[in-house]
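Next come the chains, spelled out residue by residue.
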Amino acid sequence: MALVLGGSAGALLAQGLGNHDSDKPVDYAADRIEVQDKAKRVLLTGNVDITQQDLRMKAARTIVAYANEGGDNNNIKIQRIDATGNVEINQGDDRVWGDMATYDFTRRVITVVGHVRLQNARGSGKGERLVIDLDRHVSNFVGASSGTGEKSESGRVTGSFTVAKRTTPAP
């Protein structure tokens, strides 16, 4: 996953996710499932574990919204997944944690909000909101606001980059 940090240099996360095929089947496991046909959604609670190809999302609770394009169960298409409670998204060694996340299948965008942390072999970061555009291979990571719409000094995006090791001795 490579990620362009809003206002910062470097790519950390979105490239690998940009290669993610959001048309692949979605598998799930949870302690409890409640199908709400009239609302066209499925509620998964308790140790929710959702996988699609090599992308994995874990949370305490998720709501899966779907459309039934043909009127029968063979034409059900997921539109979005809203996850809350200790959300973790990973692909390979790339990991993102946050309070809530939305995977919008129609727009091909994953948004993580609330105490967002990311980590991989290339670096780490912290902020309040991370938006990963799977089609454009671009992500935006922003800090918290002061509540007035203005950025607060403490609401900055922070992180570190891993520095490549020298292959030749320094002169």
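Residues numbered from 1 in each chain as written. Predicted model: local features only at pLDDT ≥ 70, side-chain atom pairs only at ≥ 80, totals over all residues. Heavy atoms only, no water.

1. Observations regarding unusual backbone geometry
- The backbone of Gln53 sits at a positive phi, close to 60°, despite the residue not being glycine.
- Mapped onto the fold, Gln53 is located in the loop between β3 (41-52) and β4 (55-68). (Helix = DSSP H or I, 4+ residues; strand = E, 2+ residues; numbered from the N terminus.)

2. Concerning the layout of surface pockets
- Counted as a void, the largest pocket has a volume near 600 Å³.
- Val64, Tyr66, Ile76, Lys77 and Ile78 are the residues nearest the centre of the largest pocket, which is lined by 24 residues in total.
- Elements supplying a minimum of two residues to the lining of the largest pocket: β2 (32-36), β3, β4 and β5 (76-91). (1 Å grid on protein atoms, 1.4 Å probe; cavity = no way out; pocket = protein on both sides within 12 Å on 5 of 7 lines; lining within 4 Å. Points joined across faces, edges and corners; volume = space filled by probe spheres on them.)

3. Observations regarding the packing of aromatic side chains
- By the definition in use, this model includes one aromatic pair.
- Note on Tyr103 and Phe105: the rings are 3.9 Å apart at their centroids and 15° apart in plane angle, and the pair reads as stacked.
- The positively charged end of Arg117 is found above the aromatic ring belonging to Trp97, 4.3 Å away from the centroid. (Phe/Tyr/Trp six-rings, centres within 6.5 Å; stacked < 30°, edge-to-face > 60°. Lys NZ or Arg CZ within 6 Å of the ring centre and 35° of its normal.)

4. Focus: the environment of Asp99
- Mapped onto the fold, Asp99 is located in strand β6 (residues 94-104).
- Look at Asp99 and you get partly exposed, because its relative accessible area is 34%.
- Separated by 29 residues in sequence, Asp99 and Glu128 place their C-alpha atoms 9.5 Å apart.
- Among residues more than four places away in sequence, those in contact with Asp99 are Ala83, Thr84, Gly85, Asn86, Val87, Val113, Gly114 and His115. (Buried < 20%, exposed > 50% of the residue type's maximum accessible area, 1.4 Å probe, protein only. Contact = heavy atoms within 4.5 Å.)

5. Comments concerning the side chain of Thr102
- Mapped onto the elements of the fold, Thr102 is located in strand β6.
- Here Asp82 takes part through its side chain, which lies 2.8 Å from a polar atom of the side chain of Thr102.
- Not counting the four nearest positions on each side in its chain, Thr102 is found in contact with Arg80, Ile81, Asp82, Val109, Ile110 and Thr111. (Polar contact = N/O pair within 3.5 Å; in protein donor to acceptor, adjacent residues only side chain to side chain.)

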